[in-house]
Amino acid sequence: MADLTTEFLGIKSPNPFWLASAPPTDKEYNVRRAFEAGWGGVVWKTLGSEGPPVVNVNGPRYGAIWGADRRLLGLNNIELITDRPLQTNLEEITRVKKDYPDRAVIVSIMVPCEEQAWKDILPQVEATGADGIELNFGCPHGMAERGMGSAVGQVPEYIQMVTEWCKKYYSKPVIVKLTPNITDIRHPARAANAGNADAVSLINTINSITSVDLDSMAPEPTIGGKGTHGGYCGPAVKPIALNMVAEISRDAQTRGLPISAIGGVTTWRDAAEFMAMGAGNVQVCTAAMTYGFNVVKEMISGLSNWMDEKGYTSTQDFIGMAVPNVTDWQYLDLNYVTKAKISQDDCIKCGRCFAACEDTSHQAIAMSEDRVFTVKDDECVACNLCVNVCPVENCITMVEVPAGQIDERTGEVVSGDYANWTTHPNNPSATAAE
Amino acid sequence: MATSHQASGIQAARLDAAGIAENFSDLHPAYDAHEAAVAADRCYFCYDAPCMTACPTSIDIPQFIREIQAGHPESAARTILEQNILGGMCARVCPTETLCEEVCVRETAEGKPVEIGRLQRYATDTLMEKGEHPFTRAASTGKKVAVVGAGPAGLAAAHRLAMLGHDVVVYDARSKAGGLNEFGIAAYKSTNDFAAREVDWLLQIGGITMDYGRKLGAELSLDGLTSAYDAVFLSIGLAGVNALRAPGEDKDGVRDAVEFIAELRQAEDLTALPVGRNVVVIGGGMTAVDAAVQSKLLGAENVTIAYRRSREEMGASRFEQDLAASKGVKLMFNVMPKAVLGNGAAAEIELEYTDVTDGKVSGTGETVRLAADQVFKAIGQTLEGQPDALELEGRKIKVSETGRTSMAGVWAGGDCASGGEDLTVTAVAEGRDAAMDIHSSLMG
Ligand SMILES: Cc1cc2nc3c(=O)[nH]c(=O)nc-3n(C[C@H](O)[C@H](O)[C@H](O)COP(=O)(O)OP(=O)(O)OC[C@H]3O[C@@H](n4cnc5c(N)ncnc54)[C@H](O)[C@@H]3O)c2cc1C
Ligand SMILES: Cc1cc2nc3c(=O)[nH]c(=O)nc-3n(C[C@H](O)[C@H](O)[C@H](O)COP(=O)(O)O)c2cc1C
Ligand code: SF4
Ligand code: SF4
Ligand code: SF4
């Protein structure tokens, strides 16, 4: 078993799996049970200022979408930050950190955008002995209407300003949690960096309405006949989060800024992918909310098994390894040619590849009288749609046409030389290749 | 007090009412909404789906399963019933393991097909429980069509013809409609009087008059029908049974399986239905399996199916064979009856082992005796009562693809007609297709 011990911002945890700031980390009872199940760390549910806590709705606060067999794919929520008194949370954090010195305990905070508010709360948080703080600039609903959460996260200048205050009044690591509800994630990341944040974490939830009740004609979840937009998370958001993590990892201004990746992490593989894309660790919310704390056990066994197979002895060995391979479209090699290939042994003859290619793509799959499906190499543009719709994994694969062979579709010999759009003759602003 | 399994001879009340109720409950219980959702999710929505090709009535299976998936089983039912008006019964009785489910790609993939039959039942039950009939009649054409035989073929034809605006009279020799749905199918496949309820529901289309106790060859003649109607559809099934031709066939306790099953299906109280202690069923088709299984379920101690060829050649599917075995029926292959022995009433049966060479069965000389106080003959039904004027093909009325007989104006379909397997669903397909052909010839 590979050692999964991970150091993030100098904070050690036995594995890179932290629970994200959310209901799973809202109280001592939960967090103790999470640690017993094996989670490496937690980001405590977001704390607000001293005084009467926020209140949540008393009707449903979640909506969802499902895949086959009602597997939950996306969850939406209209929950606010913790609705328990600040002092209760601080006392619990203190106790838990004391009992679990080897686990990471990070405190998430969201207070108004005034220096005094941060100056008041930070020493109290510092006194708990927690390992660091995370600034919640992300919640897209409720708190944003009060000028907090994503209302801050969408204004880079505010991010920088608040980060600077935190660095001033707090001695341990400061993580800035970013909202994805923005057109270009690099701007808030750069602002956090400019404010001297120790790390960014992302993504918080995505603004969404999951469904409409067609009897009451109201969005769901429906509270007394009305609904509002909420924050979307779970497996459905992973691709969005992964891209945002990649953007920050490869941006010249933020390259090297530590990242705690969040968004749809459900199995060890999701975690490994985020880390390969530059994240130092991952945070999980929906997977735990869907299946309970024990999901971490598969993440642990899966990641160490994979690391053993690959010969990695530390998570450090593979963090960021995929970043150099993320590029812009214009630099993709246009001389790289593949063709779909159907394994007749694995094919169950459902015909979905045929329907997809025939109706919506390139008419490159032939169907015989007796339902044998084969790819027509002279039509296949290698789009990958058939691979994606085939219900049998690895039944259709993409096979590279080696240099020197003829691409039957174009009739041209495949060149072994790299050539991209910037030099392509069809590109009006192409620069002639030397 | 219930008599035990061991009471000798042919006895009623081998089981008490609770035992009977349990034994004769639904073979495949209805899905609840959750089970239907889980089962429907397994369908891949195949292109040019193999299951649909395998269905004799060509129901658009991926379409109806998708309608269940998307939460409107009523539309799913309509999709089914448009192709197969007896989709409710077919969902219960089709040997899906040799039809749609056999070729389901998930059978190929995992050895577990999408449970198409049970999903079909879920959809059709949902609609029928609402008492709704989803079709309406076209404007009257003024044409009159006679249908003889109210089994699945006749009912399917009558419904389609009525829907197209023709006036239909359905004659049947019996006093009840349904044919083998009502008198033949195993009781645990059609529970709660489903056959009769389905007929009532089907007749809601209107334009169909039922006329019972009218037998072709007795009260009715083909000449009379052809002169009184614009078209005639014959769907008289197979009313005769093959003879055993073994000495002792006339002893008490030896009888036709179909007759026993009909009695069973019509019994008000199954505890009152007598059955032997040692039952031997001669035959290898669905009728043999049904007679054997239901004897066992009535409380017979030993039930044996004696079939003269090998397991592979048995007409009953492997699923049916396993069903029989799971109920405790013993299956014997390559044995044929030599004599029924006993003093007045059957007590034993002597079987001879067989060899099959080039399809021909011959005795090996080796024999075996089994205790047998009841012997059921299930060696095949035959055409009986068909009008002489019609040309035959083999032992059935010769018909074209669309059911035309050798006589103009007369169509035939279902078990009595050539082509297709003897199955409920095939009878429905043939009835429907003949109706379409009658319609185009009447309107053409
Ligand atoms: C015991 C048994 C079990 C079976 N189990 C299954 C099963 O599980 N699944 C399956 O798919 N199939 C099964 N079958 C086969 C299926 O029942 C038949 O293929 C189907 O019923 C044929 O329909 P039909 O309309 O052609 O004939 P039938 O259902 O036989 O109907 C014929 C009708 O015509 C009437 N009739 C007959 N002669 C005359 C006449 N001279 N004048 C007027 N009316 C007449 C009869 O009274 C009857 O109502 C089974 C058959 C039997 C015998
Ligand atoms: C019910 C709920 C409440 C949440 N509350 C908070 C919160 O108080 N503070 C915060 O920073 N993020 C909050 N989040 C966002 C999560 O921490 C996380 O960023 C998001 O759910 C994406 O991760 P996931 O796909 O693993 O769920 C909440 C999410 C959910 C589902
Ligand atoms: S890769 Fe695209 S074009 Fe080629 S066969 Fe598959 S779907 Fe068709
Ligand atoms: S989608 Fe896959 S399994 Fe289905 S026919 Fe195509 S190759 Fe075969
Ligand atoms: S073959 Fe099976 S999976 Fe495919 S459409 Fe039919 S029921 Fe669905």
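Rules and cut-offs
Residues numbered from 1 in each chain as written. Chains lettered and ligands numbered in written order. Predicted model: local features only at pLDDT ≥ 70, side-chain atom pairs only at ≥ 80, totals over all residues. Heavy atoms only, no water. Patch = residues over 30% accessible without salt bridge, like charges linked within 9 Å, V, L, I, M, F, W, Y side chains within 5 Å. Areas by Shrake-Rupley, 256 points an atom, 1.4 Å probe, with all protein chains shown as cover. Salt bridge = Lys/Arg side-chain N within 4 Å of Asp/Glu carboxyl O. Helix = DSSP H or I, 4+ residues; strand = E, 2+ residues; numbered from the N terminus. Buried < 20%, exposed > 50% of the residue type's maximum accessible area, 1.4 Å probe, protein only. Contact = heavy atoms within 4.5 Å. Buried area = accessible area lost by both parts, 1.4 Å probe. Polar contact = N/O pair within 3.5 Å; in protein donor to acceptor, adjacent residues only side chain to side chain. Nonpolar A, V, L, I, M, F, W, Y, C, P; charged D, E, K, R; others polar. Arc of directions from axis to C-beta. Pairing = 2+ DSSP bridges. Axes fitted to C-alpha atoms, helices over the stretch in contact; angles between N-to-C directions. Domains from an automatic or database assignment. Phe/Tyr/Trp six-rings, centres within 6.5 Å; stacked < 30°, edge-to-face > 60°. Lys NZ or Arg CZ within 6 Å of the ring centre and 35° of its normal.

A.B. asks: Even after reading the chapter, I still don't get a nonpolar patch on the surface, so can you show me in this structure?
C.D. replies: A surface patch of nonpolar side chains, about 350 Å² in accessible area, is lined by Val-212, Leu-214 and Met-217 of chain A. Counting through the fold element by element, Val-212 of chain A comes out in strand S12 (residues 211-213).

A.B. asks: Whenever I open this one, the environment of Met-367 of chain A confuses me. Can you help?
C.D. replies: If you trace the backbone, Met-367 of chain A turns up in strand S18 (residues 365-367). Using a relative accessible area of 25% as the deciding quantity, one classes Met-367 of chain A as partly exposed. Separated by 13 residues in the primary sequence, Met-367 of chain A and Phe-354 of chain A place their C-alpha atoms 7.1 Å from one another. Beyond its immediate sequence surroundings of up to four residues, Met-367 of chain A is in contact with Phe-354, Val-372 and Phe-373 of chain A together with Tyr-47 and Asp-48 of chain B.

A.B. asks: Hey, could you run me through the interface of chain A and chain B in this one?
C.D. replies: Interfaces are often sized by the amount of accessible area the parts lose when they come together. In this complex, chain A contributes 14 residues to the contact, which on the side of chain B involves 12 residues. Of the roughly 990 Å² buried at the junction of chain A and chain B (both faces included), carbon and sulfur atoms supply 62%. At the boundary of chain A and chain B, one finds 0 salt bridges. At the surface where chain A touches chain B, the tally comes to 5 residue pairs in polar contact (both at pLDDT 80 or more). Ranked by residues supplied to the side of chain A that touches chain B, first place goes to helix H11 (residues 352-360) of chain A with 3 residues. Here the side of chain A that touches chain B is built from residues that sort into 7 nonpolar, 2 polar and 5 charged.

A.B. asks: Would you mind showing me how to read helix H6 (residues 186-194) of chain A here?
C.D. replies: Since the α-helix turns once every 3.6 residues, residues separated by three or four places project in the same direction. Residues and elements named next belong to chain A. Within H6, burial applies to Pro-188, Ala-189, Ala-191 and Ala-192. An end-on view of H6 places all buried positions within 160° of arc, on one side of the element. Elements that come into contact with the buried residues of H6 comprise helix H4 (150-153), helix H5 (156-169), strand S9 (174-177), strand S10 (199-202) and helix H7 (238-250). Downstream of H6 by one or two residues, Asn-196 has phi in the positive range, about 75°.

A.B. asks: Even after reading the chapter, I still don't get the sheet that holds strand S1 (residues 144-148) of chain B, so can you show me in this structure?
C.D. replies: The strands that make up a sheet are held in pairs by hydrogen bonds between backbone atoms, and each pair lies either parallel or antiparallel. Residues and elements named next belong to chain B. Read across the sheet, 5 strands follow the order S3-S2-S1-S4-S17 without closing on themselves; strand pairing throughout is parallel. Each having just a single partner strand, strand S3 (208-212) and strand S17 (410-412) make up the two edges of the open sheet. Across the sheet, the mean angle from the axis of one strand to that of its neighbour is 20°, orientation sign disregarded. Bridge count for S1 against strand S2 (residues 167-172) is 5 bridges, and the pairing is parallel.

A.B. asks: Is there a simple way to think about the domain arrangement of chain B in this case?
C.D. replies: All names here are of chain B. Looking at chain B, the domain boundaries give domain 1 (33-129), domain 2 (144-239 + 383-443) and domain 3 (243-377). Centre-to-centre, using C-alpha coordinates, domain 1 lies 26 Å away from domain 2. When domain 1 packs against domain 2, close to 1,800 Å² is buried across both sides, 73% of that on carbon and sulfur atoms. Among the residues domain 1 hides against domain 2, the three largest losses belong to Ile-85, Leu-86 and Met-89. Together they make up 36% of the total. Our count for the domain 1 to domain 2 interface comes out at 0 salt bridges. Where domain 1 packs against domain 2, one counts 4 residue pairs in polar contact (both at pLDDT 80 or more). Of all elements in the fold, only helix H5 (73-83), helix H6 (87-93) and helix H9 (116-129) reach the threshold of two or more residues within the side of domain 1 that touches domain 2. The element that contributes the greatest number of residues to the side of domain 1 that touches domain 2 is H6, accounting for 6 residues. Of the residues in the side of domain 1 that touches domain 2, the class split is 12 nonpolar, 5 polar and 3 charged.

A.B. asks: Please explain the packing of aromatic side chains as it appears in this structure.
C.D. replies: What describes a pair of aromatic rings is the distance from one ring centre to the other and the angle between the planes of the rings. A full pass over the atoms with the stated rule returns 10 aromatic pairs over all chains. With a centroid separation of 5.9 Å and 90° between ring planes, the pair formed by Phe-8 of chain A and Trp-18 of chain A is classed as edge-to-face. With Phe-8 of chain A in strand S1 (residues 6-8) and Trp-18 of chain A in strand S3 (residues 17-19), this pair connects stretches of sequence that are 10 residues apart. Classification of Trp-18 of chain A by relative accessible area gives buried; the value is 0%. An angle of 50° between the planes, with centres 4.9 Å apart, marks the rings of Phe-354 of chain A and Tyr-47 of chain B as tilted. In this pair, Phe-354 of chain A is assigned in helix H11 and Tyr-47 of chain B in the loop between helix H2 (33-41) and helix H3 (50-54), connecting two distinct chains. Owing to a relative accessible area of 31%, Tyr-47 of chain B belongs among the partly exposed residues under this scheme. Among the aromatic residues, those joined into a cluster by ring pairs are Trp-268, Trp-306, Tyr-312 and Phe-318 of chain A. When the ring centre of Phe-45 of chain B is taken as reference, the NZ or CZ atom of Arg-66 of chain B above it lies at 4.5 Å. Just above the ring of Tyr-229 of chain B sits the side chain of Lys-144 of chain B; from NZ or CZ to the centre is 5.6 Å.

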